[in-house]
There are 2 protein chains.
Amino acid sequence: MTTKKITFSSQTVNYYFDASLDKLAELTNPDNTFIITDENVFAKHKRKFTNWRTIVLKAGEAYKVQATVDSVIDQLIELGADRKSCLVGVGGGVVTDITGYIASIYMRGIQVGFVPTTILAMVDASIGGKNGIDVGIYKNMVGLIRQPSFLLYDYSLLKSLPKEEWVNGFAEIIKHACIKDAAMFKLLEENKLTAFQKDKVLLNQLIQRNALLKSKVVQQDEFEQGDRKLLNFGHTLGHAIENSYELSHGQAVALGMVVAAALSAEYKKFKEVEKLVSMIQKYGLPAFAEFDAVKAMQVMQSDKKRVKGVIHYVLLEKIGKGVVTPLTPQQIEPIVKKLAQPSK
Amino acid sequence: MTTKKITFSSQTVNYYFDASLDKLAELTNPDNTFIITDENVFAKHKRKFTNWRTIVLKAGEAYKVQATVDSVIDQLIELGADRKSCLVGVGGGVVTDITGYIASIYMRGIQVGFVPTTILAMVDASIGGKNGIDVGIYKNMVGLIRQPSFLLYDYSLLKSLPKEEWVNGFAEIIKHACIKDAAMFKLLEENKLTAFQKDKVLLNQLIQRNALLKSKVVQQDEFEQGDRKLLNFGHTLGHAIENSYELSHGQAVALGMVVAAALSAEYKKFKEVEKLVSMIQKYGLPAFAEFDAVKAMQVMQSDKKRVKGVIHYVLLEKIGKGVVTPLTPQQIEPIVKKLAQPSK
């Protein structure tokens, strides 16, 4: 086990890498802790939840909504959760987002920790304190920024993770490499997905590298005034199409990264579009897909990241160097339209 | 107009006493500001809302619930509110609580200011950053602590305030005097309600004194680890009966203060129960009423202020000096039972 500490504005987060879920009993008071997980994780790791009071959610982004929050709050009241209670979200990004949100608002805020069970949650979703729920087609429209007390990484939970979920997580790993870490981009070029799946040492190094990369970006700009925006690389278009099509988050972000790369070629003289496309495809992600460009532009303009009239788009100057660039919808639209019709 | 500034952990709050609602146009960008008010305030002051985009809520505590939050969020999305938008809650405590809560969670937090229109909101509800909604019979079960950017006091809004709402607010003024300000207790003894209603100078002094008293208590203990708990004087029992009976918040708190005074006599040698009872009655509030003591004890033990087994009760050593005292339900129950049957 490796431990790290990173201090944010109002909370120090403890990271336990390559740890075991059993460690939870040391980190919290089991008598006043409530685990929140989803039915998939619960079914696959049932024995690990013995002795813990556990609230089991339906699985999937469709349930990252207010109705789920309402139901969990009713259950917490029923179970007698109080101000000293701790919530632990064990699951993917949907579970950690919703658990973090509920912990922020229940009795005006109680303690929370996360045990991410997917690559996506390990390297991205569970880190940085952003939490929240979707409202209609708008992702994370309601939520907060509030750091958890701890993050516990138990790689044995990945054993049951389907291949498409590994692929899903690697979209964010590629994103991190693009905006901040050219050396990691090389490492990803030199290896392939199965190597990380088979070699726990290699995997642990990659997860730590990504978790700490994201944590440090967030630490320097917790409330997203500047550098943290880089983490939205691929997400502006990604979020605009994710809920309207049958796309995983990783697939949507992959498509979004290609659009952002094309915009970077147009407005930042970025020369490595092909390299990024190859990388995305190597890790089993889509680089191109047909989608409704007009609708995507509309959703993009209602996204919470929009400030009247202008979209702060994350572009690349080169692999490893992201830059936030204000673009007008008029500058974005032609390229989105072109990429939305890959077959034509 | 008098202005004051008080700096909290992550926000400086600007206070504008004896100001005019028109000043709002200086404090916010009218093009990106959304007023939230209720149908009573809107009907009485319709002209003041001309030129402002206004969301009008149904009036009353019954609407301080998630369904209202859901509806306002849908309207904000529809109206194109973005991260730079400002919400302004114009109303009583229900409106400022719900506006503050929505501003905290919409797009992970946007700017908010309050224009309290009742005595209760002016001296208490709009101050201190606590916001939230009720869940079933549990008051403020869900919410946050987050300070507004400004508080604007326009006493002309009080013209339409019914007498019972004046009385309602004076419960919190009496509470402030009890826990922190023996001189104000004297001032209240020497005057009566109609004097404050008629004399704007006297009223402005009283409102400022109370707003600043509460603000300073909160400033020293924003996240309620210690002194801020004093502000719960009368509220432990008050909250436990308020939603179960046809009681105003002030009436519930008045009854709660008498119970707390009786507990203070029992456990703190408090000698001024009669003085407090007279004061409560002088300002038109009830000192005694019949209620279900068993149910009240149950709700009290589910209150979010409870930490397993013990209730942190605010007692008085003397008028002007409140103290937080941990009491067991067994210590509280006999006195609650006695006072719940005033006629026997």
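Residues numbered from 1 in each chain as written. Chains lettered and ligands numbered in written order. Predicted model: local features only at pLDDT ≥ 70, side-chain atom pairs only at ≥ 80, totals over all residues. Heavy atoms only, no water.

1. Quick word on helix H7 (residues 182-190) of chain A
All names here are of chain A.
So, point 1. Every buried residue of H7 is listed here: Met184, Phe185 and Leu188. Along the long axis of H7, the arc covered by the buried residues comes to 110°, so they all point the same way. Exposed residues lying more than 90 degrees from the buried face of H7 are Lys186 and Glu190. (Buried < 20%, exposed > 50% of the residue type's maximum accessible area, 1.4 Å probe, protein only. Helix = DSSP H or I, 4+ residues; strand = E, 2+ residues; numbered from the N terminus. Arc of directions from axis to C-beta.)

2. Section: the domain arrangement of chain A
All names here are of chain A.
So, point 1. Per the domain assignment, the segments of chain A are domain 1 (2-160) and domain 2 (164-199 + 211-339).
So, point 2. The gap between the C-alpha centroids of domain 1 and domain 2 is 26 Å.
So, point 3. In this complex, domain 1 contributes 28 residues to the contact, which on the side of domain 2 involves 27 residues.
So, point 4. Summed over both sides, the interface of domain 1 with domain 2 buries roughly 2500 Å², with 63% coming from carbon and sulfur.
So, point 5. Our enumeration of links across domain 1 and domain 2 arrives at 2 salt bridges. (Domains from an automatic or database assignment. Contact = heavy atoms within 4.5 Å. Buried area = accessible area lost by both parts, 1.4 Å probe. Salt bridge = Lys/Arg side-chain N within 4 Å of Asp/Glu carboxyl O.)

3. Some details on the relation of the copies chain A and chain B
In summary, the two copies of the chain are related to each other by a rotation about an axis coupled with a shift along it.
So, point 1. The two copies are related by a screw motion: chain A maps onto chain B through a turn of 180° and a shift of 0.0 Å along the axis, at an RMSD of 0.0 Å. Given the turn and translation reported, the copies of this chain are related as if by a two-fold rotation axis.
So, point 2. Mapped onto chain B, 97% of the interface residues of chain A are again interface residues, and the two copies thus contact each other with one and the same surface. (Least-squares fit on C-alpha atoms with pLDDT ≥ 70 in both.)

4. A few points about helix H14 (residues 329-339) of chain A
All names here are of chain A.
So, point 1. Taken together, the buried positions of H14 are occupied by Pro329, Ile332, Ile335, Val336 and Leu339. Viewed along the axis of H14, the buried residues span an arc of 140°, placing them on a single side of the element. Exposed residues pointing more than 90 degrees away from the buried face of H14 are listed as Gln330 and Lys338.
So, point 2. Where the residues of H14 are buried, they touch helix H10 (235-242), helix H11 (249-268), helix H13 (293-302), strand S10 (311-318) and strand S11 (321-327).

5. Looking at the interface of chain A and chain B
So, point 1. Facing the 36 residues of chain A at the interface are 35 residues of chain B.
So, point 2. Roughly 3000 Å² of surface becomes buried between chain A and chain B when both sides are summed, with 59% attributable to carbon and sulfur atoms.
So, point 3. Counting across the interface, chain A meets chain B through 7 residue pairs in polar contact (both at pLDDT 80 or more).
So, point 4. Elements supplying a minimum of two residues to the side of chain A that touches chain B: helix H3 (66-79), helix H4 (93-105), strand S7 (130-135) and strand S8 (138-145) of chain A.
So, point 5. With 7 residues, S8 of chain A is the largest single contributor of residues to the side of chain A that touches chain B. (Polar contact = N/O pair within 3.5 Å; in protein donor to acceptor, adjacent residues only side chain to side chain.)

6. Examining the nonpolar core
So, point 1. Counting 215 residues, the largest nonpolar core has Leu188 and Tyr313 of chain A together with Leu188 and Tyr313 of chain B as its most contacted members.
So, point 2. Beyond its immediate sequence surroundings of up to four residues, Leu188 of chain B is in contact with Phe170, Ile173, Ile174, Ala177, Phe196, Leu206, Met279, Lys282 and Tyr283 of chain B. (Core = buried A, V, L, I, M, F, W, Y, C linked by side-chain atoms within 4.5 Å.)

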